[in-house]
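Now for the letters of each chain:
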Amino acid sequence: VFCLLYPMWLPLVILVTLVVVGICYKLLVVPAVAQGVEVVRADVTTQEERTKVEEERREEEKKEIPVLSEEERALKDLKKQKKKEEKKKFREKLKKAKLTKEERRKEKEEKELLRLREEAKAFEEEQQRRKLREKRIMEAKVSVEERRRLQNLELLKQADFDRRRAYEEKERAEREAIKEAQERNKPKPKPAWNVTNTNSNSNKVTLTDIFQEELQNTKGKSFEEEEQQRLLQYRRERRNHRKMLAKQEAIQQAAFNQKTQSSSTAVRERETKNTEISTRINTAVNSEKRKMAWIDTTKITYTPSGACKISGIPTDLHSSLLGEKGYNAKLFKRINVSITVPFDDTPVILQGNQEDIDVALQKIIAFLKWKYFQNIAKTQTQLRAQCRDQASSLTGPQYRVQIDEFLEKEKIHSILVDSAYSETKKHAIQFYNQNMGANRIDLHGLRSEDAIALLNTRIEQMEAISVPSFDHIEIHFPPSIGGLLRDITDYLKHYNFWFDIAPSGDCVIAKI
């Protein structure tokens, strides 16, 4: 800052700085270097003295060691041999103890799995019993409802019978009342001339009385006739109305019977047609499945050294057998088998124990079946898409037969795709998970929904086994499928499992 403010003093400041640095070097650095050199020299002298003392001590010990005779040497060798044998026996005991421990653990796991199977079987039986019980209850309910329906029908019939009887009694009462009224209002016989009238004060009937009596008789007769005519008209109208209703009901019933008959005929025809179509589809599917059956073309030979050679594996599957970045080769290493896969027609070589080689052979067969059915599923998917496109390209009633044929073929290919993929899934699970440990699951070769279903089943099995070593599960999956990792983490988060993702991104460790 001083130099920036006063540039003229810069040379003087540099000179003073160099003088100060030289003084500090002479006073501090030079003495320290000298002291370090002296310390190193002292260390060297002490090290030389130590080596001399050590050599003298060794010479004295050699002088003190007595010369052993042949018998003493033999005894000493025997003791050493006994110690070696004891150590060997101890190692064998440890090995046997470890083996017995492993066998006990396996036996315990087998017992636990057997118990789980028995519990699952008991659960299935209980479910079947529950279904039978529910079926009986439903049948009982149906029978109760049928009895109630019959009782209601009987009650309706009885009510209808009572109503008809009441109506008939009412009609009979009306007829009797009309008859009584007719009898009561019946005109009296005309009195003859010069007949005394008991109601009059005179002994003779006048013309006026006769006229009035005739008038009353005629009026009463016209009223009764009108009432009778009205009653007859009412009964006639009611009879005609009943006939009309009966005729309408007969027409409706005939139309309903005709419609029911036509609909039942159409249903029968449709059912017959569907049955024929399903029969054709099943026949075609069965024949195609027989054609798609896997044929084992591999040949296995053993060398005198114990190695196994497998020939007949297609060359295009050699790289797939090793897996992406040698992943499948690591699986074989886990079962103590080394695999050598060439890139030509030479055989694949397996090296290891006989039992481990047998397990590896099962895995290779499962791998070949997996790839075989995977290719079939792809082919059938393409054929299904072609049939669908051809059916959608045709329009119009004139192409109805061809459209039905294409749709039928599409259904056949769909069934074959499902069958091939089920076989693919089964063999992929066998290849990646057979003899790989109970707390390790591999989801390679599976779709997302099938992988999550398999993971759920394995976690339920592990939760049912109360073994301390089964406190976590390793979930391996192909890192190239990003959606699968997301589905796995979503599943674990949904059920509140603690988990950690490996740095490589192809494994998830979850705590059970």
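Summarised in this report is the structure supplied together with it. Keep in mind that what you see is a predicted model, and the values were worked out from it rather than measured.

Moving on to the packing of helix α7 (residues 354-393) against helix α8 (residues 400-433). A pair of packed helices is characterised by two quantities: the angle between their axes and the separation of those axes. At their nearest, the axes of α7 and α8 sit 7 Å apart, and the two run at 160° to each other. Classed by the angle they form, the pair α7 and α8 counts as roughly antiparallel. Relative to α8, the crossing made by α7 is left-handed. Residues belonging to the contact of α7 with α8 are distributed by class as follows: 19 nonpolar, 11 polar and 7 charged.

Taken together, the side chains of K76, K79, K80, K82, K83, K84, K87 and R91 present a region of like positive charge at the surface. Taking the relative accessible area as the measure of exposure, K82 reaches 53% and is therefore exposed.

The next point concerns the sheet that holds strand β8 (residues 507-511). Within the open sheet, the 4 strands sit side by side as β5-β6-β8-β7. Their pairing is mixed. Edge positions in the open sheet fall to β5 (440-442) and β7 (498-501), since each of these has one partner strand only. Adjacent strand axes in the sheet meet at a mean angle of 20°, parallel and antiparallel pairs treated alike. The sheet contact formed by strand β6 (residues 472-476) and β8 spans 5 bridges and is antiparallel. Bridged to H476 within β8 is C507. Docked against the sheet, helix α6 (residues 327-334) engages β5 and β6, running at close to 150° with respect to β5. Helix-sheet contacts for helix α9 (residues 448-464) involve β5 and β6, and the interaxial angle to β6 is about 165°.

Counting across every chain of the model gives 9 aromatic pairs. Note that K363 overlies the ring of F431, its terminal NZ or CZ placed 5.8 Å from the centroid.

Let us now look at the sheet that holds strand β4 (residues 348-351). The 4 strands are arranged β1-β2-β4-β3 in an open sheet whose pairing can be described as antiparallel. Of all strands in the sheet, those with a lone pairing partner are β1 (299-302) and β3 (338-340), marking the two edges. Sheet twist, expressed as the average angle between the axes of neighbouring strands with direction ignored, equals 20°. In this sheet, β4 lies alongside β3 in antiparallel orientation, the contact comprising 3 bridges. If you follow T340 over to β4, its bridge partner there is I349.

So, on to α9. The end-to-end C-alpha separation of α9 is 25 Å, in line with the 24 Å expected for 17 residues at 1.5 Å each. Among the residues of α9, D450, A451, I452, L454, L455, R458, I459 and M462 are the ones counted as buried.

Taken as a whole and assessed by the stated rule, the structure comprises 16 salt bridges. Here E134 makes a salt bridge to R130, at a shortest N to O gap of 2.7 Å. In this pair, E134 and R130 are both assigned in helix α3 (residues 70-184), 4 residues apart and thus about one turn of the helix distant. Accessibility expressed as a relative area gives 30% for R130, which makes it partly exposed. One connected set of salt bridges, linked through shared partners, spans K425, R447, E449 and D450.

On to the pairing of β7. Relative to β8, β7 runs antiparallel, the two sharing 4 bridges. Pairing of W498 across the sheet is with K511, part of β8.

Bringing the nonpolar core into the picture now. If you look at soluble globular proteins, the nonpolar side chains tend to sit buried side by side. Counting residues in hydrophobic clusters, the biggest one holds 28 residues, and the most contacted among them are I310, I339, L350 and F431. If you list the elements that add at least two residues to this core, you get β2 (308-311), α6, β4, α7 and α8. Counting residues per element, this core draws most heavily on α7, at 9 residues. Leaving out residues up to four positions away in the same chain, I310 has contacts with T298, K299, P347, V348, L350, L361 and I364. Of all hydrophobic cores here, the second largest spans 19 residues; its members include L455, I473, F477 and A510.

Alternating residues of β2 divide into C308 and I310, all buried, and K309 and S311, none buried. Pairing geometry for β1 and β2, over 4 bridges, is antiparallel. Each bridged residue has a counterpart across the sheet, and for Y302 the counterpart in β2 is C308.

Moving on, we get to the side chain of N328. By secondary structure assignment, the location of N328 is in helix α6. Looking at N328, its side chain comes within polar contact range of the main-chain oxygen of S320, at 3.0 Å. In this structure the side chain of N328 is engaged in a polar contact, spanning 3.3 Å, whose partner is the side chain of Y432. Beyond its immediate stretch of four places on either side in the chain, N328 contacts S320, L321, L322, G323, F431 and Y432.

How each quantity is defined
Residues numbered from 1 in each chain as written. Predicted model: local features only at pLDDT ≥ 70, side-chain atom pairs only at ≥ 80, totals over all residues. Heavy atoms only, no water. Axes fitted to C-alpha atoms, helices over the stretch in contact; angles between N-to-C directions. Helix = DSSP H or I, 4+ residues; strand = E, 2+ residues; numbered from the N terminus. Parallel < 35°, antiparallel > 145°, perpendicular 65-115°, else oblique. Left-handed = near helix turned anticlockwise from the far one by under 90°. Nonpolar A, V, L, I, M, F, W, Y, C, P; charged D, E, K, R; others polar. Patch = residues over 30% accessible without salt bridge, like charges linked within 9 Å, V, L, I, M, F, W, Y side chains within 5 Å. Areas by Shrake-Rupley, 256 points an atom, 1.4 Å probe, with all protein chains shown as cover. Salt bridge = Lys/Arg side-chain N within 4 Å of Asp/Glu carboxyl O. Lys, Arg positive; Asp, Glu negative; His and termini not counted. Charge placed at Lys NZ, Arg CZ, Asp CG, Glu CD. Buried < 20%, exposed > 50% of the residue type's maximum accessible area, 1.4 Å probe, protein only. Pairing = 2+ DSSP bridges. Contact = heavy atoms within 4.5 Å. Phe/Tyr/Trp six-rings, centres within 6.5 Å; stacked < 30°, edge-to-face > 60°. Lys NZ or Arg CZ within 6 Å of the ring centre and 35° of its normal. Expected span 1.5 Å × (residues − 1). Core = buried A, V, L, I, M, F, W, Y, C linked by side-chain atoms within 4.5 Å. Polar contact = N/O pair within 3.5 Å; in protein donor to acceptor, adjacent residues only side chain to side chain.

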